[in-house]
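Structure at a glance
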Protein chains: 4
Amino acid sequence: MTATPLSFGMVGGGQGAFIGAVHRTAAIMDGQARFVAGALSSTPRKSLASGRELGLPDDRNYPTWQEMLARESARPPHDRIDFVSIVTPNHAHFEPANAFAAAGFNVVLDKPMVMNSAQASQLAATTAKTGVVFAVTYNYTGYPLVKRAAELVRTGAIGPVRKVFVEYHQGWLATRLEAGGQKQADWRTDPKRAGAGAIGDIGSHAENLVATITGLEIEQLCADATTFVPGRAIDDDASVLLRFKGGARGVLTCSQVCVGEENNLSIRVYGENGAIAWRQENPNELWLSPREGSKRLLTRGGPEAGPIAAAATRIPPGHPEGFFEAFANIYRGVAEAIHAKREGRAPAGLATQFPTVHDGARGVRFIERVLDSTARGGAWLAF
Amino acid sequence: MTATPLSFGMVGGGQGAFIGAVHRTAAIMDGQARFVAGALSSTPRKSLASGRELGLPDDRNYPTWQEMLARESARPPHDRIDFVSIVTPNHAHFEPANAFAAAGFNVVLDKPMVMNSAQASQLAATTAKTGVVFAVTYNYTGYPLVKRAAELVRTGAIGPVRKVFVEYHQGWLATRLEAGGQKQADWRTDPKRAGAGAIGDIGSHAENLVATITGLEIEQLCADATTFVPGRAIDDDASVLLRFKGGARGVLTCSQVCVGEENNLSIRVYGENGAIAWRQENPNELWLSPREGSKRLLTRGGPEAGPIAAAATRIPPGHPEGFFEAFANIYRGVAEAIHAKREGRAPAGLATQFPTVHDGARGVRFIERVLDSTARGGAWLAF
Amino acid sequence: MTATPLSFGMVGGGQGAFIGAVHRTAAIMDGQARFVAGALSSTPRKSLASGRELGLPDDRNYPTWQEMLARESARPPHDRIDFVSIVTPNHAHFEPANAFAAAGFNVVLDKPMVMNSAQASQLAATTAKTGVVFAVTYNYTGYPLVKRAAELVRTGAIGPVRKVFVEYHQGWLATRLEAGGQKQADWRTDPKRAGAGAIGDIGSHAENLVATITGLEIEQLCADATTFVPGRAIDDDASVLLRFKGGARGVLTCSQVCVGEENNLSIRVYGENGAIAWRQENPNELWLSPREGSKRLLTRGGPEAGPIAAAATRIPPGHPEGFFEAFANIYRGVAEAIHAKREGRAPAGLATQFPTVHDGARGVRFIERVLDSTARGGAWLAF
Amino acid sequence: MTATPLSFGMVGGGQGAFIGAVHRTAAIMDGQARFVAGALSSTPRKSLASGRELGLPDDRNYPTWQEMLARESARPPHDRIDFVSIVTPNHAHFEPANAFAAAGFNVVLDKPMVMNSAQASQLAATTAKTGVVFAVTYNYTGYPLVKRAAELVRTGAIGPVRKVFVEYHQGWLATRLEAGGQKQADWRTDPKRAGAGAIGDIGSHAENLVATITGLEIEQLCADATTFVPGRAIDDDASVLLRFKGGARGVLTCSQVCVGEENNLSIRVYGENGAIAWRQENPNELWLSPREGSKRLLTRGGPEAGPIAAAATRIPPGHPEGFFEAFANIYRGVAEAIHAKREGRAPAGLATQFPTVHDGARGVRFIERVLDSTARGGAWLAF
């Protein structure tokens, strides 16, 4: 907290965007970053208007990300943005992310990372070459109790994992909302801009949550993605059976037509000696069930929270933290990683815990394999 | 309730049995039946000892079900048992059930009905021929709010069904309990006596619950049954993807190695216009989510319970009913069906709502198909 | 379970009664008692009609309890009823209870025991003199996890008790239901027949639950009973502050105008080293919070249920038991106490755990003191 | 959001403080304020050190609040702080608050507002005279669903209120934590600095929540405050019976010795026609129970959230908001009120919804009356 605040710019996230505002709130929450530059829309006029509305100085309120890249690069190093947050629709992730990373800018990129594995490989190569700090905002991994769950599972508290159930169910696309021009529905159901539907938008979060908590690697999968809403051009529901290396099994489901569900991302992991369960909509609680003995309700900041979760927590137990605070933990990690890199030291604490380009690449691969399996009638495919 | 109590006998359910005692308690709960005869074990000596312990009169305490069948048949019709409850391990269902039904006795039979579809067909033929009342104790269908859920779904309260999630998770077989001789684990994990493991013991309940509530017919399925506990000779976990006629999809999971889970049978049904959710461990509540508007918590006996659930309820809302009362509703239905048949009238109320030989046959078919799909590496099979 | 079933008669509980049917179901649930005699209404014609409807033999279907007492007394001892259940409205408790007890019959009596402390003393004297088994159906004490809670608190698992919160909230009398002639509302809001309103009908259950679980004795109380529904002649809501001997404090509230509440009896007990919480509407769960460490969710039949609760349990965890089963535990205790007395041995297990005439007397005293304090404007009174 | 950010200073909230950091995070969350000045401790050396740590410029990092007041007053009006946040221990509220308000600075002050009603009156007079914007951070009123609850109750959705239950239970002071020098426990249990214990620290939040949601005025109260932990110099638990003008009744309890409780502030309001229930630890849900019909679960941002709650919400339902966001809503209101005042217009939206000096004064009065009643043995006192 004592370090000088970093300055950051943003690509996308202008008027009408949902996730852009979340990124800005999260980035500045702990006083560790200042929002100083932006190219906030793919339409130059809207981009400039949005920047003015958000108080950007005229000289760093850019009409396009290309101009932002050029002009920030032209500033003296100490006066450039320290990182860029890219929050455009999915199809507009790769180009700016790759260009900024290639130019040596640290990058925070929304998920799913890119549109296909070829792009993912190229991006991984770019970041490896320039060594920039690169984070993908699988933001649910920022919750303290997700970190605690991962710590418990990975340190053997529940024994070898046997079965994983993960689901991410929403209901907001149960009707053809996109037909009415709702901005979020519009691009998220457009194959050109979104790439994939429910499996890309939310299924990839579920995949990431499993990987984060268990460390298991998918060996094979069998998927049944569906479009329930007539006229929709993209999947809005998918069920996936998983076989992990080492023998564990899993069930991943995602849907945007589960009426009544808001943002129900939930995971249950059963091991030989215990189990954990966590639900995003009530993120301050984590169930831990030993094989012998009663279930225990762990709370964020509570007696069994442990030091890793504690480091990702701002206020005492019983004072609920939510979505913004979890999101902000990604940014805390990024900020620490940037400071550490500059100071030539190992990053501490949360810095090692944000999702990287490799998580992003695996997520893209997952989406591809689910759609492939579906296209083949639900065949089992190697991952 | 004012009718003369029926008399019944029991096959199986002697010393050490779990489900036999449940059947007896359920059968007599409403004063509608008296337990008067039995062949309570496959071992004649234990059979007689159990009968004495339970207070059966010596002349109707039989060493074998064959003798019970012979001697009850020899009694004057008005003095015979009115029905027989068969609660033996699965492999010993078919013979007595078929023999009693063939001899004109009404039968209550535990699930899964028989060991294979060939037996199921024969049993269906027998009951069709003699016209006996025949119930399979898929007891969870006896819960008032399951009846209410079925009524809501089948009358269109949630619109056409899109997606069904059903799970039946237990943890008691997470270790090799059968190795220590625990009686329940012993036969339930023995392929010869149980036929199938988790998918037969509990997965079939889940299948039945889906069918009861939604009326949907499975068109195709893809299954991944597993044995997690080393040395176990039978499946202890399964995940099944379902495609229903008409386009709905489903996910059915069952497991007996989910540590921390007790008897977690849960179902969620999402339709175009709403959703319902119910959980057996808290059976007095049913969630109803309209597509527009807040979720509502329906309670057993509460303002939206409706007349069908009310008829299956004994006490006011807030006074919890449980497993026994639901089980007893099967017996109430059977009793009413027997009275109605004798009086030459249509059965009223619950009498039409207990699971029949056709439910039993479909359940057996389901188990077979899940194991077939698994044997073929998780292939999609027509149902 | 192996003992010969006892035979019992019933006073009250005829057509239209709620609690009478509950008593009958509970009494016979475990096959330990047979319903053989009754004087089921204060109106002889209705009494006989009810008895016929319930299948009582003509010679033991009595028009009045006085005749029942006389004629059962005249039967040879081995052929009399073994106990009588008295389930009349409150004002009609004392006379039959005292008369049957005086004549040497074992008695099960509904709560609140009698109308005033003078009657309570007399009844206590009678039972002491004849030595009959005498139970008051504070039925909520029959729940296995209430027994477990009592065991935990009394054996020091949470340390010395500091604070107790108990509430019993219902909403069914939020309107003047009695004006429409609803039978239950009619007598329960009639001062002549009920004696007290909410504080008597449900507040006394709350008082008993505190005493059962904690063993604490009330030293002083301050009460504010109210009648919210215009035109009602009796209290329908009360709040009571409690000071216990030894320094613990408590808050007891009861209400029948809490709209939306069904039968919400809940208790939380906080000690120096831990706390427990239990809610009747979900009776298969008990929270145990140690001062250091996470909360644990104990389940009926689960790993921390302990032997006392196990003895009051019929089926495995996850198979919900409810109101009837808890009620039946009172009857199991009574049956065992009767057998033990006859066999000249100490009663075992549950027999020592049903509420006695002393619990009943204390409950009557509690009602009196609450109404006294209210009458004095909410003054603190010694108990 | 488009307005120029306001600048603010802080009194108190330096190293080791809990609530100071919360205020800073909340104040800046929406980009509406910048932290530019401070006198962060009562010890000048610690004050300056804290300011440096938090990045305050040297010329506005003050050793004392008196110097801050003098030097900020000396700056040209457009360059002064726009408001001051005072987050010192309770005994150090009045002097700086009164002084800054008298000098025309807008003030945000932590609760309880001051140490006694005399101070409260004086402060009310001061703010009335200078017309400054003045908010007391009863932060729980900032939750969107508290605003929704207030709207429902005040617009008659549940009819005239009959009974209110409010509780604020924590367990962190169940042992004599202050003996070990824990900073928070130290001053909060010191009568000189805190004034009152549990009733002041958290009971006043409960009082404010009742007033905010119901608008009811307390007519009489009867209180029983207690100190459970040996050696503690201040109350750590209280139970209060309330009689409201118009006939409603209430029960308010607060405790810091309820082991296992974290920050359990909960309220239930029962009216003639419905009821609401809300719990701070799960603040994104609100139960609404109509008298006829099933309970409904309203969610923050959900279909029945209404426009007032929507205006206090940042992200869609299912994306949990928590303590910080609620707290930040107070600051949003203050910022809007300041802008409105300067622009000579009526404040919009949330600006009218933060707690004022009058709420603060009533809260102080409440604490006094509870302690008075307790001192008189629990007597009923007029409010």
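Residues numbered from 1 in each chain as written. Chains lettered and ligands numbered in written order. Predicted model: local features only at pLDDT ≥ 70, side-chain atom pairs only at ≥ 80, totals over all residues.

The next point concerns the interface of chain B and chain A. Across the boundary between the two partners, chain B contributes 27 residues, which contact 27 residues of chain A. Taken together, the elements giving at least two residues each to the side of chain B that touches chain A come down to β6 (161–169), β7 (218–226), β8 (237–244), β9 (249–255) and β11 (274–279) of chain B. Residue contributions to the side of chain B that touches chain A peak at four residues, all from β9(B). Partitioned by chemical class, the residues of the side of chain B that touches chain A number eleven nonpolar, nine polar and seven charged. (Contact = placed C-beta atoms within 7 Å. Helix = DSSP H or I, 4+ residues; strand = E, 2+ residues; numbered from the N terminus. Nonpolar A, V, L, I, M, F, W, Y, C, P; charged D, E, K, R; others polar.)

Attention now moves to the sheet that holds strand β1 (residues 6–11) of chain A. Residue and element names in this part refer to chain A. If you walk across this open sheet you meet the five strands as β2-β1-β3-β4-β5, and the pairing is parallel. Of all the strands in the sheet, just β2 (33–39) and β5 (134–136) have a single pairing partner and so form its edges. Between one strand axis and the next, the sheet turns by 20 degrees as a mean value, whatever way the strands run. Where β1 and strand β3 (residues 83–86) come together, four bridges link them in parallel fashion. Bridge pairing in β3 places Met10 opposite Ser85. (Pairing = 2+ DSSP bridges. Axes fitted to C-alpha atoms, helices over the stretch in contact; angles between N-to-C directions.)

Residues and elements named next belong to chain B. Here Phe134 lies in strand β5 (residues 134–136). The spatial distance from the C-alpha of Phe134 to the C-alpha of Gly322 is 24 Å, given a sequence separation of 188 residues. Beyond its immediate chain neighbours, meaning those up to four positions away, Phe134 contacts Ala101, Val107, Thr127, Thr356 and Val357.

Here the focus is the nonpolar core. Counting 498 residues, the largest nonpolar core has Val107(A), Val107(B), Val107(C) and Val107(D) as the members making the most contacts within it. Beyond its immediate chain neighbours, meaning those up to four positions away, Val107(B) contacts Phe83(B), Val84(B), Ile86(B), Ala97(B), Phe100(B), Ala101(B), Val132(B) and Phe134(B). (Core = buried A, V, L, I, M, F, W, Y, C linked by C-beta atoms within 7 Å. Buried ≥ 20, exposed ≤ 12 C-beta atoms within 10 Å, placed from the backbone.)

Each copy of the sequence occupies a distinct position, and chain B is placed on chain A by a rotation of 180 degrees and an axial shift of 0.0 Å, giving an RMSD of 0.0 Å. Considering both components of the superposition, the chain copies are consistent with a two-fold axis. Residues of chain B ranked by C-alpha distance from the rotation axis are headed by Ala379(B), positioned 3.6 Å from it. Interface overlap between copies: 100% of the residues of chain B at the interface are likewise at the interface in chain A, consistent with a symmetric, same-surface contact. (Least-squares fit on C-alpha atoms with pLDDT ≥ 70 in both.)

Moving on, we get to the domain arrangement of chain A. Residues and elements named next belong to chain A. Domain boundaries in chain A define domain 1 (6–140 + 327–356) and domain 2 (142–320 + 363–382). At the junction of the two partners, domain 1 supplies 23 residues and domain 2 supplies 25 residues. Of all the secondary structure elements, the ones that give two or more residues to the side of domain 1 that touches domain 2 are α5 (117–130) and α11 (323–343). Counting residues per element, the side of domain 1 that touches domain 2 draws most heavily on α11, which supplies three residues. Residue composition of the side of domain 1 that touches domain 2, by class: 13 nonpolar, nine polar and one charged. (Domains from an automatic or database assignment.)

Looking now at the pairing of strand β12 (residues 285–290) of chain B. Consecutive side chains of a regular strand alternate in pointing toward one face of the sheet and then the other. All names here are of chain B. The pairing of β11 with β12 spans five bridges and is classified as antiparallel. In the sheet register, Ala277 faces β12, and the bridge partner there is Trp287. Counted along the chain from β11 to the antiparallel partner β12, the turn is five residues long. The pairing of β12 with strand β13 (residues 295–299) spans four bridges and is antiparallel. In the sheet register, Leu286 faces β13, and the bridge partner there is Leu298. Where β12 hands over to β13, the hairpin turn is made up of four residues, of which Gly293 adopts a positive phi near 110 degrees.

Turning our eyes to something else, we now look at the packing of helix α6 (residues 144–154) of chain A against helix α9 (residues 198–214) of chain A. How two helices pack is summed up by the angle between their axes together with the distance between the axes. All names here are of chain A. Contact pair α6 / α9: the axes reach a minimum separation of 7 Å and the direction vectors enclose 50 degrees. With respect to α9, the element α6 is oriented oblique. Residue-level inspection shows Val146, Ala149, Ala150 and Val153 of α6 in contact with α9, the latter providing Thr212, Ile213 and Thr214. Among the residues making up the contact of α6 with α9, the classes are represented as five nonpolar, two polar and no charged. (Parallel < 35°, antiparallel > 145°, perpendicular 65-115°, else oblique.)

Right, let's get into the sheet that holds strand β5 (residues 134–136) of chain D. All names here are of chain D. A sheet is described by the order of its strands in space; here five strands give the open sequence β2-β1-β3-β4-β5, paired in parallel fashion. Sheet topology places β2 (33–39) and β5 at the edges, where each strand pairs with a single neighbour. Each strand of the sheet is rotated relative to its neighbour by a mean of 20 degrees, with strand direction disregarded. Pairing analysis gives three bridges linking strand β4 (residues 106–109) to β5, with the strands arranged parallel. Bridge pairing links Val107 to Phe134 in β5. With respect to the sheet, helix α3 (residues 65–74) is in contact with β1 (6–11) and β2, its orientation differing from that of β2 by roughly 125 degrees. Sitting on the sheet, helix α4 (residues 94–102) touches β1, β3 (83–86), β4 and β5, and the angle it makes with β4 is about 160 degrees.

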